[in-house]
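# An overview of the molecular structure
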Amino acid sequence: MGDLVCINDKFPSHTLEFYKQYGVSIPRNGKIYQIRGIEHVRGKVGVFLREIQNPEVPIQSMMKVIYKEPSFNISRFTTLLGEPISLEQFETIKENETN
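Residues numbered from 1 in each chain as written. Predicted model: local features only at pLDDT ≥ 70, side-chain atom pairs only at ≥ 80, totals over all residues. Heavy atoms only, no water.

Here we take up the overall build of the chain. Per the secondary structure count, the chain includes 2 helices and 7 strands. Going from the N terminus to the C terminus, the chain shows its helices and strands as β-α-β-β-β-β-β-β-α. Per-residue burial for the chain yields a buried fraction of 37% across its 99 residues. Counting contacts in the chain only where the partners sit at least 6 residues apart, residues at least 24 apart contribute 55% of the total. Carbon and sulfur atoms make up 52% of the accessible area of the chain, which totals about 6,600 Å². (Helix = DSSP H or I, 4+ residues; strand = E, 2+ residues; numbered from the N terminus. Buried < 20%, exposed > 50% of the residue type's maximum accessible area, 1.4 Å probe, protein only. Contact = heavy atoms within 4.5 Å. Areas by Shrake-Rupley, 256 points an atom, 1.4 Å probe, with all protein chains shown as cover.)

By volume, the largest pocket amounts to about 720 Å³. What lines the largest pocket is a set of 22 residues, among which Tyr 19, Val 41, Arg 42, Ile 59 and Ser 71 lie closest to the centre. Of all the secondary-structure elements, those providing two or more residues to the lining of the largest pocket are helix 1 (13–22), strand 2 (32–41), strand 3 (44–49), strand 4 (57–61), strand 5 (64–68) and strand 6 (72–73). The class makeup of the residues in the lining of the largest pocket is 11 nonpolar, 6 polar and 5 charged. (1 Å grid on protein atoms, 1.4 Å probe; cavity = no way out; pocket = protein on both sides within 12 Å on 5 of 7 lines; lining within 4 Å. Points joined across faces, edges and corners; volume = space filled by probe spheres on them. Nonpolar A, V, L, I, M, F, W, Y, C, P; charged D, E, K, R; others polar.)

Unusually for a residue other than glycine, Arg 42 sits at a positive phi of about 50 degrees. Position of Arg 42 among the secondary structure elements: in the loop between strand 2 and strand 3. For Arg 42, a relative accessible area of 72% puts it in the exposed group. In the Ramachandran plot, Met 62 falls in the positive-phi region, its phi being about 50 degrees despite a non-glycine side chain. Mapped onto the fold, Met 62 is located in the loop between strand 4 and strand 5. Owing to a relative accessible area of 79%, Met 62 belongs among the exposed residues under this scheme.

With that settled, the discussion passes to the side chain of Glu 39. Along the chain, Glu 39 turns up in strand 2. Ignoring anything within four residues of it in the chain, the contact list for Glu 39 reads Lys 44, Val 45, Gly 46, Phe 48, Lys 68 and Ser 71.

With that settled, the discussion passes to the sheet that holds strand 7 (residues 77–78). Read across the open sheet, the 5 strands follow the order 6-3-2-1-7; overall the sheet is antiparallel. In this open sheet, the two edge strands, each paired with only one partner strand, are strand 6 and strand 7. (Pairing = 2+ DSSP bridges.)

If you want it as structure tokens, here you go:
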């Protein structure tokens, strides 16, 4: 697994403005992407895509500002069969990243 289909490319206007300011590209509805990385942020799963490599942007973290590439919430994607991504599939991806 590693191939995903974007099913939601709608972002709030303030997010789009922020992304535009820093030159961040976003996934597009209906396009197929491959996962190149996964992160857990505030109880949610974010993915980094092979087809989109963005610059680092300032993000408020605890007591300071850090710079990192933004990830995209996994809920914006499904499998190629249109199914939600399962926890087991994520574990497989994480294992493949470390091998």
